[in-house]
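Structural description and commentary
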Amino acid sequence: MADVVNLNRFRKMRQKEEREKSAEANRIRFGRTKAETLRNRQEAERRKAELDGKKVEDGPGDR
């Protein structure tokens, strides 16, 4: 005969694991210093400006 299994225990264990995963993701996402945040923002702005500089504008007769 099989053992009796408490489904609430497994449900709670699964929920706890999901909370731990989301907490880890939040620590990675929000757990940065001001210097790191500023550097990442400046890098993103630099990449956007570089990409915009390489953009080819369509003229009115180019279509």
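Residue numbers restart at each chain and count upward from 1, following the sequence in its written direction. Totals for whole chains, interfaces and linings use all residues, but because this is a predicted model, local features are given only for residues with pLDDT of at least 70 and pairs of side-chain atoms are given and counted only at 80 or more. Here the side-chain values reflect all heavy atoms present in the structure, with hydrogen atoms and water set aside.

1. Describing the overall build of the chain
Selection criterion: In DSSP terms, a helix is any run of H or I states spanning at least four residues, a strand is any run of E spanning at least two, and both are numbered starting from the N terminus. Just to be clear, the radius of gyration here is over C-alpha atoms, and the globule rule we use is 2.2 Å times residues to the power 0.38. Each residue's exposure class comes from its accessible area (1.4 Å probe, protein chains only) as a fraction of the maximum for that residue type: buried when under 20%, exposed when over 50%, partly exposed otherwise.
From N to C terminus, the chain includes two helices and zero strands. Here the chain has a C-alpha radius of gyration of 25 Å; the compact-globule value for 63 residues is 11 Å, and the former is much larger. Seen along its three principal axes, the alpha-carbon backbone of the chain occupies a region of about 80 × 40 × 15 Å. Split into buried and exposed, the 63 residues of the chain put 0% on the buried side.

2. Brief notes about the pattern of salt bridges
This is how it is decided: Salt bridge, as used here: a side-chain nitrogen of Lys or Arg that lies within 4 Å of a carboxyl oxygen of Asp or Glu.
Within the structure shown, the criterion is met by six salt bridges. Each of Glu43, Arg46, Arg47, Glu50 and Lys54 takes part in a single network of salt bridges with overlapping partners.

3. Comments concerning helix α1 (residues 7-30)
To be explicit about the condition: Each helix should span, by expectation, one fewer than its residue count multiplied by 1.5 Å. Polar contact is defined as a pair of N or O atoms within 3.5 Å, subject to the rule that within protein one atom must be able to donate a hydrogen and the other to accept it, and that residues adjacent in sequence are counted only when both atoms are side-chain atoms.
A rise of 1.5 Å per residue sets the reference length of α1, with its 24 residues, at 34 Å; its end C-alpha atoms lie 34 Å apart and thus fit the reference within 8%. Capping of α1 at its N-terminal end is provided by Asn6; its side-chain oxygen lies 3.1 Å from the backbone amide nitrogen of Asn8.

4. Let's talk about the environment of Ala2
Note on placement: Ala2 falls in the segment before α1. Classification of Ala2 by relative accessible area gives exposed; the value is 66%. Separated by 28 residues in sequence, Ala2 and Phe30 place their C-alpha atoms 46 Å apart.

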